[in-house]
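Below, each chain spelled out in residue letters.
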Amino acid sequence: MTSPPATPDGRLVLLRHGETEWSRSGRHTGRTDVPLTEHGEELARQAGRLVADYDFVLTLSSSLQRARRTAELAGLTPEVDDDLLEWDYGGYEGLTTPQIRDELGYDWTVFRDGVPPGDTPGETVEEVAARASRVVKRALAAMAEGDVALVGHGHCLRVLTSVFLRQEPRLGAQLLLDAGSVSVLQFEREQPAIRVWNHGPAVAGH
């Protein structure tokens, strides 16, 4: 008999980027490289205060400026990993959910119904989960040594959390994640678990 692999003691800390003009208006923002608003920059600074006491052994960020700027304002120095890019929304890039539903005539959701190709090919939820799985694999290896920070985007981080929890990726539809929020995942004995979810000033503002 072989011993089971050791459960990592480190925590996985997720930072969703601060507010942008598109996120504020509900527009699907996949690969469009929009900057943070002034309020989004303040949210990023406040997120930094929430993670100031962590000693991260690995920090990863999407390459898009809204994520990299959030990391900078939060006091983090990440390595860029494009597996943390937001969901590629294809033909629905820049549109709001009400606009898409008016066009289609039914209650569309990205997790259930997906996206058509547009200026970019678009992605299925399974393709987003495949990218997230590679990030989780990197994170788990580093969590054997300490805490890990991931700075990214709402839908991608929601799918990534589902992967970490060993659940079907569409569980992400039920995990709301606000701009500038901080979440913490860890292991409870052998089970992956949520320690803190969607914590930050934007939630209090609701």
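Data block above holds the structure.
As a starting point, this report considers the structure included with it. (Residues numbered from 1 in each chain as written. Predicted model: local features only at pLDDT ≥ 70, side-chain atom pairs only at ≥ 80, totals over all residues. Heavy atoms only, no water.)

### Concerning the side chain of R158
- By the element assignment, R158 lies in helix α7 (residues 154-164).
- Buried R158, no salt bridge; nearest opposite-charge side chain is E86, N-O distance 7.7 Å.
- From its side chain, R158 meets the backbone oxygen of G172 in a polar contact 2.8 Å long.
- Ignoring sequence-local partners within four residues, the contact set of R158 consists of F111, G172, A173, Q174, L175, L176 and L177. (Helix = DSSP H or I, 4+ residues; strand = E, 2+ residues; numbered from the N terminus. Buried < 20%, exposed > 50% of the residue type's maximum accessible area, 1.4 Å probe, protein only. Lys, Arg positive; Asp, Glu negative; His and termini not counted. Salt bridge = Lys/Arg side-chain N within 4 Å of Asp/Glu carboxyl O. Polar contact = N/O pair within 3.5 Å; in protein donor to acceptor, adjacent residues only side chain to side chain. Contact = heavy atoms within 4.5 Å.)

### Some words on helix α6 (residues 125-143)
- The terminal C-alpha atoms of α6 lie 26 Å apart, and with 19 residues this matches the ideal 27 Å at 1.5 Å per residue to within 8%.
- Those residues of α6 not exposed but buried are V125, V128, A129, R131, A132, V135, V136, A139, A142 and M143. The buried residues of α6 all sit within an arc of 160° when viewed along its axis, so they share a single face. Pointing more than 90 degrees away from the buried face of α6 are the exposed residues K137 and A141. (Expected span 1.5 Å × (residues − 1). Arc of directions from axis to C-beta.)

### Some words on the sheet that holds strand β1 (residues 12-16)
- Spatially, six strands are ordered β3-β2-β4-β1-β5-β6 in an open sheet, and the strand pairing comes out mixed. Strand pairing shows two members of the sheet lacking a second neighbour, β3 (79-80) and β6 (191-199), which therefore form its edges.
- Pairing of strand β5 (residues 182-188) with β6 involves six bridges; the strand directions are antiparallel. Along β6, the bridge assignment pairs L185 with I194.
- Where α6 meets the sheet, its contacts fall on β1, β2 (56-61), β3, β4 (147-152) and β5, and the angle it forms with β2 comes to roughly 165°. (Pairing = 2+ DSSP bridges. Axes fitted to C-alpha atoms, helices over the stretch in contact; angles between N-to-C directions.)

### With respect to the nonpolar core
- Core analysis: the largest hydrophobic core is formed by 33 residues, its most contacted members being L12, W87, V148, L150, L160 and F164.
- Looking at which element gives the most residues to this core, the answer is α6, with nine residues.
- Once residues lying within four places of it in the same chain are set aside, the contact partners of L12 are A139, M143, V148, L150, L160, F164, S183, V184 and L185.
- With 13 residues, the next largest nonpolar core counts V51, A149, V182 and V184 among its residues. (Core = buried A, V, L, I, M, F, W, Y, C linked by side-chain atoms within 4.5 Å.)

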